[in-house]
Amino acid sequence: MSLSRILVALALAASGVAPAGAETAGSADKIRAHVTFLADDLLQGREAGSPGHEIAAAYVASQLRQLGVKPGAADGSYFQHVPMSGFRPADEGRLVITAKDGKAAPLVFGEDYLPGRNPVAARTEVTAPLVFAGYGVAAGKRDDYAGLDVKGKVVVVLAGAPQSFQTEERAYYASGRTKRLTAEARGAVGLITITTPADEKRRPFANGVRQWKTWGMGWRTPGGQTFAPASATPDLATLSVQGSTKLFAGAPKSYDEVVKAAEAGTPPRFPLPFKLAATINTELKTLDSLNVVGRIDGTDPALKNEAVVLSAHLDHIGVTPPINGDAINNGAMDNATGVATTLEVARAFAEGKAPRRTLLFLLNTAEEKGLVGADYFARNPPTKLPIVADVNLDMPILTYDFVDVVAFGAERSSLGPTVARAAARLGVKLSPDPLPEEGLFTRSDHFRFVEQGVPSVFLMTGFENGGQVAFTGFLRDRYHKPSDDLSQPIDYAAGAKFAAINYEIAREIADADARPAWNKGDFFGTLFGKK
C-alpha cells in the first residue's frame, strides 16, 4: 500500500469527524466518514490479530481521544490486550463410516463434509459408534437424549433447534457450544452436525467450502490454555445434505423421513448403523489482539460506581478466496456501521450532559471468531465497577430508512420498557424476531454479557418499509462476502437514526435510579443468574 493511498484513506476518514459543538446522536456525515475508513481495502478486512485490525483499533482509539472520551483499559490506555489462540483445519481430514457388515465408505471432503477444528489438539482421532440424537436438545421436559446411550460414542445432531421454542431460547439451544456441552455431559466423544435442505437454502454448503480454512479463535488463560468449553466432545464435522443422506442409509428412518419429522418438531432418535473413524488435524497458533475501551465517568456519587457497556465488534473476516476477483471482505455493514454508530453515541455523551452511571465503550475483537473479545472482556473487565447492562450494536442494515427494530433480549429484563420508550421517542416500532431460524440472539457480543448475568439488548433493523428485502438480500448476497463493501447503497441518515435510538436507550439506563434487573423467572436470568 503506497503512502499516498494511505493518506487519501485517512483524509476521507477525517472529513466530518471533528467535534462541532454539542449535537444529538447522530450525524450522517460523521458515520459516513468512519465507515469509509473502516471498510477501506487498506484494512484488508480487519481480521482479528491482523495489521488491518490494529490499524482499525488505532483509528477508533484516536476518535475516542478526539471526543474527550478517557482511556478505559486497566493499564490506562485505550487497549485491552487479548491473548488468543488460533485454530483451523490443517488439511481435509478423513471421515470413514463402516457398516455392520464391515463395508467401509469414506465421506468426500467438500461434497459430503467439512472438517471440524479442535482448539486444544493438533490431531484428533476418534473411532466410535454413531448415535442420532435429534436436535441434541435437553430443555425442561424435552430431552433428545432420553433412552439413548451416547457414552463413548459420537453424537449426530440436526443444526438448529425446534421451531416451537421461543426465539431467543431457540437460539441458545441451537448454539453449537450448547449442543457440545450437552453431549459432553452425557459422555459423548465427538459431535457431528447435519444440515437440512432449509439450511442449505439459507446458507449454502458451498460458502463453507470456500472459507473452510479460516481461523477460529479463543482466548488464553494466564496459564496459556485455550478457553474451550466442551473440549472433551470436539466438533468433528459438518455434513451437507448429500453427506447427511449417506449417514442414514440403512437406518431405522431415512434422512428424508428425519427431516420431515424435524419440521413437525419431533425428529426420531436412534443409533445409526455405522461406526465412524474420524481424523481431524488442526493447525494451531498463538496471537494477540486488541479490544479498544473508552470511558466516560459517571457523576452521581453512588451510581458512578456502576458501569454500562456499549459494545460493537471491530473485526471482520479478513481475506478469503476471491469472488469475482475480489478477496477482501471489507465488512461495511458487518460491522463498520456498528462501530461508526457507537462512536456517534460516544460523541453525544461526550458533548452533552454527563451520565450518572459510568459508561464503557467497547470496540472489541474477534466477534467473528466466536465472540472472543467480548467474552474476554466480560470475564476480565478492566474495571472493578460492576457491569449492570450491555447495549450492543452489530450489523445494522443501513440500505433503507428503517421504521422498526427487533430488540433482542429487551423483554427479558427491565430494559424492555426502556427500549420501548426510546423507540417511541424516535417514532420507531418494536417488532418480533422475523428470522428465528438464524439464532441471532446468541450470535453477537451481548450474549457473552448475558452469560455473566448482565441484562443486555441488541437492536436489529426491522423488516418494514422495505426492510425484509434489504435484510434477506444482504444475508443472501453480501453477508461474509467481499460484496459487503462501500459499493452498496448505504443510507447514512438511517445510520444517524440507529445511533440516536441506541443513545436514547443508553442515556436512560445510565441516568435511571434503579439498575437493570432480570424479570422474575426469566429463562436467561435463571440460567445464568447474578454473577
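Report on the accompanying structure.

Procedures and definitions
Residues numbered from 1 in each chain as written. Predicted model: local features only at pLDDT ≥ 70, side-chain atom pairs only at ≥ 80, totals over all residues. Heavy atoms only, no water. Helix = DSSP H or I, 4+ residues; strand = E, 2+ residues; numbered from the N terminus. Contact = heavy atoms within 4.5 Å. Salt bridge = Lys/Arg side-chain N within 4 Å of Asp/Glu carboxyl O. Buried < 20%, exposed > 50% of the residue type's maximum accessible area, 1.4 Å probe, protein only. Expected span 1.5 Å × (residues − 1). Phe/Tyr/Trp six-rings, centres within 6.5 Å; stacked < 30°, edge-to-face > 60°. Core = buried A, V, L, I, M, F, W, Y, C linked by side-chain atoms within 4.5 Å.

So, the environment of P434
For step 1, the next point in the chain: Residue position: P434 is located in the loop between strand 20 (429-430) and helix 13 (446-450).
For step 2, the next point in the chain: Linking P434 and A99, residues 335 residues apart in sequence, is a C-alpha distance of 42 Å.
For step 3, the next point in the chain: Those residues in contact with P434, other than ones at most four positions away along the chain, are V406, M460 and F463.

Concerning the pattern of salt bridges
Two side chains carrying opposite charge are able to pair once their charged atoms lie near each other.
For step 1, the next point in the chain: The full count for this structure, using the stated rule, is 32 salt bridges.
For step 2, the next point in the chain: The partner of E125 in a salt bridge is R123, with the nearest N and O atoms 3.3 Å apart.
For step 3, the next point in the chain: Taking relative accessible area as the criterion, E125 reaches 55% and is therefore assigned exposed.
For step 4, the next point in the chain: Through salt bridges with shared partners, a single ionic network connects D199, R202, R203, E438 and R443.

Digging into unusual backbone geometry
For step 1, the next point in the chain: Note that the residue after D334, namely N335, is joined by a cis bond; omega there is 15°.
For step 2, the next point in the chain: As for its position among the elements, N335 is in helix 10 (residues 332-351).
For step 3, the next point in the chain: Even without being glycine, N324 reaches a positive phi, approximately 55°.
For step 4, the next point in the chain: Position of N324 relative to the elements: it lies in the loop between strand 15 (318-323) and strand 16 (326-329).
For step 5, the next point in the chain: In this structure, A366 takes a positive phi of about 60° despite not being glycine.
For step 6, the next point in the chain: Along the chain, A366 falls in the loop between strand 17 (358-364) and helix 11 (372-379).

Overview of helix 3 (residues 51-67)
For step 1, the next point in the chain: With 17 residues, helix 3 should cover 24 Å at 1.5 Å per step; its first-to-last C-alpha distance of 25 Å lies within 8% of that length.
For step 2, the next point in the chain: Of all the positions in helix 3, only G52, H53, A56, A57, Y59, V60, A61, Q63, L64 and L67 are classed as buried.
For step 3, the next point in the chain: Looking at the residues trailing helix 3, positive phi occurs at G68, about 90°.

Looking at the packing of aromatic side chains
We describe a pair of aromatic rings using the distance from one ring centre to the other and the angle between the two ring planes.
For step 1, the next point in the chain: One pass over the full model with this rule turns up 27 aromatic pairs.
For step 2, the next point in the chain: Consider the rings of Y172 and F447, whose centres lie 6.4 Å apart with planes at 50°: the pair is tilted. Placement of Y172 in helix 4 (residues 167-174) and of F447 in helix 13 is noted, with a sequence separation of 275 residues between them.
For step 3, the next point in the chain: On the basis of an interplanar angle of 45° and a centroid distance of 6.1 Å, the ring pair of F463 and F471 is categorised as tilted. Each member of the pair, F463 as well as F471, carries the same accessibility label: buried.
For step 4, the next point in the chain: Ring-pair connections join several aromatic residues into one group, and the members of that group are F165, Y172, Y173, F441, F447, F523, F524 and F528.

Here's the deal with helix 11
For step 1, the next point in the chain: In terms of burial, helix 11 is a largely internal element, seven of the eight residues being buried.
For step 2, the next point in the chain: Listed in full, the buried residues belonging to helix 11 are V372, G373, A374, D375, Y376, F377 and A378.

Notes on the nonpolar core
Buried together is how nonpolar side chains tend to be arranged in soluble globular proteins.
For step 1, the next point in the chain: Of all hydrophobic cores here, the largest spans 124 residues; its most connected members are L130, I192 and F248.
For step 2, the next point in the chain: Ranked by the residues each element gives to this core, the list is headed by helix 15 (residues 492-511), at eleven residues.
For step 3, the next point in the chain: Those residues within four positions of L130 in sequence are excluded, and the remaining contacts are I97, V154, V156, I192, L247, P271, L272, F274 and L276.
For step 4, the next point in the chain: Formed by twelve residues, the second largest nonpolar core is a distinct cluster that contains L360, I387, F449 and V454.

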